[in-house]
Amino acid sequence: QLTLVESGGGLVQPGGSLRLSCAASGISLNDFNVVWYHQAPGKEAVGIACISKSGDFTKYGDSVKGRFTISRDDSGYTVYLHMNNLKFEDTGHYRCAADRGPFYRVSSIVTDGTPYGVDYYGNGIQVTVSS
């Protein structure tokens, strides 16, 4: 059974940076494609970034392209979301999820908003961008 735990959230000023971590326990994340979701206050969650099992492929939503980077660490148990030049609209709840299926599933979540179900979800973490 895979358990995902997010960390690294908090309060940051506009233009600042944060690094969110999605840590796995029980099973290596190398067998999963991973997607990060963002849920702004009062809105539905949207996929904003994803990374393939190998780490060779990534996709980003238009709202974060050029500012956020998703990556894997060498241990295979953590996926990061590096967030730069944060904006007020980046405020919200961030959640990682892992899926065993083909990469197009998580890629479609991010690029098209396709509501594929994902195998495992973390509980998420809050990020607040405020001056």
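Up top is the structure these notes are about.
Below is a summary of the structure that appears in this document. (Residues numbered from 1 in each chain as written. Predicted model: local features only at pLDDT ≥ 70, side-chain atom pairs only at ≥ 80, totals over all residues. Heavy atoms only, no water.)

Some points on the sheet that holds strand 8 (residues 78–83)
For step 1, the next point in the chain: One open sheet holds the 4 strands; their spatial order is 1-3-8-7, and the pairing between them is antiparallel. Looking along the sheet, the strands with just one partner apiece sit at the ends: strand 1 (3–7) and strand 7 (68–72). Between one strand and the next, the sheet's axes are offset by a mean angle of 15 degrees, whatever the strand orientation.
For step 2, the next point in the chain: Where strand 7 lies against strand 8, 5 bridges are found, and the strand directions are antiparallel. Each bridged residue has a counterpart across the sheet, and for Ile70 the counterpart in strand 8 is Leu81. (Pairing = 2+ DSSP bridges. Helix = DSSP H or I, 4+ residues; strand = E, 2+ residues; numbered from the N terminus. Axes fitted to C-alpha atoms, helices over the stretch in contact; angles between N-to-C directions.)

Description of the packing of aromatic side chains
For step 1, the next point in the chain: In the structure shown here, the tally under the stated rule is 4 aromatic pairs.
For step 2, the next point in the chain: Measuring from ring centre to ring centre gives 5.7 Å for Phe32 and Tyr120, while their planes differ by 80 degrees; the resulting arrangement is edge-to-face. Separated by 88 residues along the polypeptide, Phe32 in the loop between strand 3 (18–25) and strand 4 (33–39) and Tyr120 in strand 10 (residues 120–121) bring together distant segments of the chain. Both residues of the pair, Phe32 and Tyr120, count as buried.
For step 3, the next point in the chain: Ring plane angle 35 degrees and centroid distance 6.1 Å describe the contact between Tyr37 and Tyr121, whose orientation is recorded as tilted. One end of the pair, Tyr37, is in strand 4; the other, Tyr121, is in strand 10, and 84 residues separate them in sequence.
For step 4, the next point in the chain: Look at Tyr37 and you get buried, because its relative accessible area is 10%.
For step 5, the next point in the chain: Judged by its relative accessible area of 35%, Tyr121 is partly exposed. (Phe/Tyr/Trp six-rings, centres within 6.5 Å; stacked < 30°, edge-to-face > 60°. Buried < 20%, exposed > 50% of the residue type's maximum accessible area, 1.4 Å probe, protein only.)

By themselves these figures say nothing about function.
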